[in-house]
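The chain contents come next:
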Amino acid sequence: MNINGTPDLGDAIWHLKNDAQYTIGQEGLSTLVWLDGNPTNITNSQIETKLVELETAHTNNAYQRDRLSEYPNLQEAIHALLDGGNTLTELQAKRTAIKTKYPKSGA
């Protein structure tokens, strides 16, 4: 993944063959060199298609990353479960508000 967390060509290759051995420069597929001889004959077109799939999935799941950054942490959740009552109700209300703020893609 890139520094910003988006999928890159390496991720696409890994998803096509997770033990592939290769090098690739910053210029992209034009610099791809298969160190293992590319025994499964992965094409540049397959890599590009897989990259688009990964980018689409990453975009469609942005709501999950956004929610995660605002959800109560594990310690807060455990305390709410153990304390019950208003604490648990408040935690559930907070989660509901976050889900409303960041709805699922296509919802």
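Relevant structure appears above.
Now for a description of the structure that goes with this document. (Residues numbered from 1 in each chain as written. Predicted model: local features only at pLDDT ≥ 70, side-chain atom pairs only at ≥ 80, totals over all residues. Heavy atoms only, no water.)

Once that is clear, we can look at the overall build of the chain. Per the secondary structure count, the chain includes 5 helices and 2 strands. In terms of overall dimensions, the chain is more spread out than a globule: its C-alpha atoms have a radius of gyration of 21 Å, far above the 13 Å expected for 107 residues. With respect to the principal axes defined by its C-alpha atoms, the chain has extents near 60 × 25 × 25 Å. When burial is assessed residue by residue, the chain has 25% of its 107 residues classed as buried. (Helix = DSSP H or I, 4+ residues; strand = E, 2+ residues; numbered from the N terminus. Rg over C-alpha atoms; globule rule 2.2 N^0.38 Å. Buried < 20%, exposed > 50% of the residue type's maximum accessible area, 1.4 Å probe, protein only.)

Counting 11 residues, the largest nonpolar core is built from Leu-9, Ala-12, Ile-13, Ala-20, Leu-29, Leu-32, Trp-34, Ile-42, Ile-47, Leu-51 and Leu-54. Where this core is concerned, the elements lending two or more residues are α1 (9–16) and α2 (44–60). (Core = buried A, V, L, I, M, F, W, Y, C linked by side-chain atoms within 4.5 Å.)

What follows is about the environment of Thr-96. Tracing the backbone shows Thr-96 in helix α5 (residues 85–101). Among the residues examined, Thr-96 registers a relative accessible area of 48% and is labelled partly exposed. Note: C-alpha distance between Thr-96 and Ala-20 (76 residues apart in sequence) is 43 Å. In terms of polar contacts, Thr-96 uses its side chain to reach the backbone carbonyl oxygen of Gln-92, at 2.9 Å. (Polar contact = N/O pair within 3.5 Å; in protein donor to acceptor, adjacent residues only side chain to side chain.)

The next point concerns unusual backbone geometry. Phi is positive for Asn-38, which is not a glycine, with a value near 55°. Its place among the elements puts Asn-38 in the loop between β2 (33–34) and α2. Judged by its relative accessible area of 10%, Asn-38 falls in the buried class. Although it is not a glycine, Asn-41 adopts a positive phi angle of roughly 55°. Here Asn-41 lies in the loop between β2 and α2. You can call Asn-41 exposed: its relative accessible area is 57%.

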